Amino acid sequence: SPGVHGGQGGFIVRGARGTESATYVDGALITDFNDQLNTVELSNFAVEEVDVITGGFNAEWGHAQSGIINIVTREGGREYHGNARFTTDELEIEQSYGYNNLQASLGGPIIPEKLTAYGSFEATGAEDFFPASAGFNPATENQLDNSGSTEELLPGNRGDRTLGQAKVTGFLPFDAKVTGTYLYSRDQLEKYVPNIGIGQFMTRAASREKTHDFILGYDQQIFQTGERNLNLQVRGQYHLSKFYTGIPLSTAMSELLQGH
């Protein structure tokens, strides 16, 4: 899932730029037209199906030169079901980077055979999100050390991510369906800039990005045979993204810098 942590904001298809591919979620184009990039992130529990089209796509797809990534989010079924998963490296004997990840989902019928709902949530945090990053590391007590470290935590390299998804599906007479999808992502981190020493902590190296997407859909099957089918799809979408950047502030960082 591209985004702040991914560093690209788009998918690279057939060697093209990230701005030359298009990402669709539940039939709606997910693109921030300020920079022509996809800034929406989805948790694994939120995804039902992913199709990657690398060329020769039909007329229903557009806004792309290199490829299409089509994502279908999960929806509630006829029975209630849920999942939960927690991952951590803080039990690791040799090295921990303070990584913790929680994923959870729940879905099922609201009105049997007529209305279903599904929701998923994911939260990730790490004291050192990029252990291989190079830059000034105050934990080594050496201001001239620009090599970074995979054995010591880089305190200015922390980050966290929150993802949320909710989907309501209504089944109408005459093979029609309406859907409402909400997507939320919040991604923030402090990231090292290599080879600037203690100046790292006087740069605008902290960033936070939030996105909200509301997608309304209507699907109508007009006819279907063994050789042909005709369907009507209508989509409406609202997208909001906010990006903040600044100088990172942290009590732990201040304590480490006091002796330098």
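Above this text you will find the structure in question.
Described in the following lines is the structure provided in the data block. The model shown is predicted, which means the values in this text are computed figures rather than measured ones. (Residues numbered from 1 in each chain as written. Predicted model: local features only at pLDDT ≥ 70, side-chain atom pairs only at ≥ 80, totals over all residues. Heavy atoms only, no water.)

### A look at the packing of aromatic side chains
Step number 1: A complete count under the given rule lists 2 aromatic pairs for this structure.
Step number 2: Relative to Phe 214, the ring of Tyr 182 lies with its centre 4.8 Å away and its plane at 35 degrees, an arrangement referred to as tilted. Taken as a pair, Tyr 182 in strand β9 (residues 176-190) and Phe 214 in strand β10 (residues 206-224) lie far apart in primary sequence, 32 residues in all.
Step number 3: Following the ring pairs from residue to residue traces out a cluster consisting of Tyr 182, Phe 214 and Tyr 238. (Phe/Tyr/Trp six-rings, centres within 6.5 Å; stacked < 30°, edge-to-face > 60°. Helix = DSSP H or I, 4+ residues; strand = E, 2+ residues; numbered from the N terminus.)

### Regarding unusual backbone geometry
Step number 1: In this structure, Glu 113 is a non-glycine residue whose phi angle is positive, near 70 degrees.
Step number 2: Examined against the element boundaries, Glu 113 turns out to sit in the loop between β6 (100-111) and β7 (115-126).
Step number 3: Although it is not a glycine, Asp 175 adopts a positive phi angle of roughly 55 degrees.

### Here we look at the sheet that holds strand β1 (residues 21-25)
Step number 1: Reading across from one edge, β2-β1-β4-β3 is the order of the 4 strands in this open sheet, with mixed pairing throughout. Each having just a single partner strand, β2 (28-29) and β3 (47-53) make up the two edges of the open sheet.
Step number 2: As defined by bridge partners, β1 adjoins β2 across 2 bridges and the pair is classed as antiparallel. Along β2, the bridge assignment pairs Val 25 with Ala 28. (Pairing = 2+ DSSP bridges.)

### What about the pattern of salt bridges?
Step number 1: Inspection of the entire model under this criterion finds 9 salt bridges.
Step number 2: In this structure, the salt-bridge partner of Lys 167 is Glu 75, at a minimum N-O distance of 3.6 Å. Residue Lys 167 is found in strand β8 (residues 159-172), and its partner Glu 75 is found in the loop between β4 (67-73) and β5 (81-88); the two are separated by 92 residues along the sequence.
Step number 3: Looking at Lys 167, the relative accessible area reads 4%, which means it is buried.
Step number 4: Judged by relative accessible area, Glu 75 falls into the partly exposed class, the value being 26%.
Step number 5: Notably, a salt bridge pairs Arg 78 with Glu 113, separated by 4.0 Å at the nearest N-O pair. In this pair, Arg 78 is assigned in the loop between β4 and β5 and Glu 113 in the loop between β6 and β7, connecting sequence segments 35 residues apart. The exposure classification of Arg 78 matches that of Glu 113, with both residues exposed.
Step number 6: Each of Asp 26, Glu 75, Lys 167 and Lys 177 takes part in salt bridges that share partners, so that together they form one network. (Salt bridge = Lys/Arg side-chain N within 4 Å of Asp/Glu carboxyl O. Buried < 20%, exposed > 50% of the residue type's maximum accessible area, 1.4 Å probe, protein only.)

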